[in-house]
Amino acid sequence: VWRLSYRRLLAPKQLAMLAGLVAVLALLILSSLDRPGDVRLKKDFAEWSVGFYLMFVVPVIAFLSSSGLLRDDMTPATTDYVLIRPLRRHAFVIYRFLSHTACLQLQCLLALGVIVAIGAWRQVPDLAATAPSLLLAQVFAIPAYCAMGFAFGALTSRYLVLGLLYGGLVEAG
């Protein structure tokens, strides 16, 4: 089941898209930070890393990549793979979720590394204290949003509508 996930998420096309998103994220962060070592820089860095990256980028990527996961598994190549290696349905779903989440953690670790590198380059105060909490938040946010996307994708083929409705209700609340 791991082979199904890493081939899909670590494919050159997917990695190129991730590199493009990380480059855009880096440009946005660099353009928002003014002066190296400034006290306000810590607030700006926190706003971008938490407000944009952890509250928008990570949830959207995790939700969208995992919501159609079970539907994608019904393709002929995957069906052949599963039929050749007999596996109970519930075990396949659990392993698929875990392997997908692990691959997504690796992808987002790259993006977080770029954010921390920009923070170090711009001399953000207390970055050493902020980076572990950002990593911990990412480690917990990815499985949560993957599980939500996985559940919405299993419930309906219109998982995006449910995701937008959920996001709207949470943001309104």
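Up top you'll find the structure we're talking about.
Residues numbered from 1 in each chain as written. Predicted model: local features only at pLDDT ≥ 70, side-chain atom pairs only at ≥ 80, totals over all residues. Heavy atoms only, no water.

Caption draft 1: Looking closely at the overall build of the protein chain. Along the protein chain, the regular secondary structure elements total 8 helices and 0 strands. Starting at the N terminus and ending at the C terminus, the protein chain contains elements arranged as α-α-α-α-α-α-α-α. Counting only residues that meet the buried cut, the protein chain has 36% of its 173 residues in that class. Accessible surface, the protein chain as shown: approximately 9,900 Å² in total, 71% of it carbon and sulfur. (Helix = DSSP H or I, 4+ residues; strand = E, 2+ residues; numbered from the N terminus. Buried < 20%, exposed > 50% of the residue type's maximum accessible area, 1.4 Å probe, protein only. Areas by Shrake-Rupley, 256 points an atom, 1.4 Å probe, with all protein chains shown as cover.)

Caption draft 2: Focus on the nonpolar core. Judged by nonpolar contacts, the single largest core of 23 residues is most densely connected at Phe45, Tyr53, Val58, Ile142 and Cys146. Taken together, the elements giving at least two residues each to this core come down to helix H2 (12–32), helix H3 (39–67), helix H6 (89–121) and helix H7 (127–155). (Core = buried A, V, L, I, M, F, W, Y, C linked by side-chain atoms within 4.5 Å.)

Caption draft 3: Structural detail: the side chain of Gln105. Note on placement: Gln105 falls in helix H6. The class for Gln105 is buried, based on a relative accessible area of 18%. Within the structure, Gln105 has its side chain in polar contact with the backbone oxygen of Val139 (distance 3.0 Å). (Polar contact = N/O pair within 3.5 Å; in protein donor to acceptor, adjacent residues only side chain to side chain.)

Caption draft 4: Here's a closer look at a nonpolar patch on the surface. There is a patch of nonpolar side chains on the surface, built from Leu106, Leu109, Leu135, Leu136, Val139 and Phe140 and spanning about 550 Å² of accessible area. Put simply, the parts of the chain that give the nonpolar patch at least two residues each are H6 and H7. In terms of residue count, the dominant contributor to the nonpolar patch is H7 (4 residues). With respect to the secondary-structure elements, Leu109 resides in helix H6. (Patch = residues over 30% accessible without salt bridge, like charges linked within 9 Å, V, L, I, M, F, W, Y side chains within 5 Å. Salt bridge = Lys/Arg side-chain N within 4 Å of Asp/Glu carboxyl O.)

Caption draft 5: Broad picture of the side chain of Ser67. Residue placement: Ser67 occurs in helix H3. Assessed through its relative accessible area of 2%, Ser67 is described here as buried. Within the local environment of Ser67, its side chain forms a polar contact with the backbone oxygen of Leu64, the two atoms lying 3.4 Å apart. If we skip the residues at most four places from it in the chain, Ser67 touches Gly149, Phe150, Gly153 and Tyr159. (Contact = heavy atoms within 4.5 Å.)

Caption draft 6: Expanded view of the state of the cysteines. What the rule picks out here adds up to 0 disulfides. In this structure Cys146 is a free cysteine whose sulfur lies 8.3 Å from that of Cys108, the closest cysteine sulfur available. (Disulfide = S-S within 2.5 Å.)

Caption draft 7: Just the environment of Ser133, in detail. Among the structural elements, Ser133 can be located in helix H7. Residue Ser133 is classed as partly exposed on the basis of its relative accessible area of 43%. Here Thr130 takes part through its backbone oxygen, which lies 2.7 Å from a polar atom of the side chain of Ser133.

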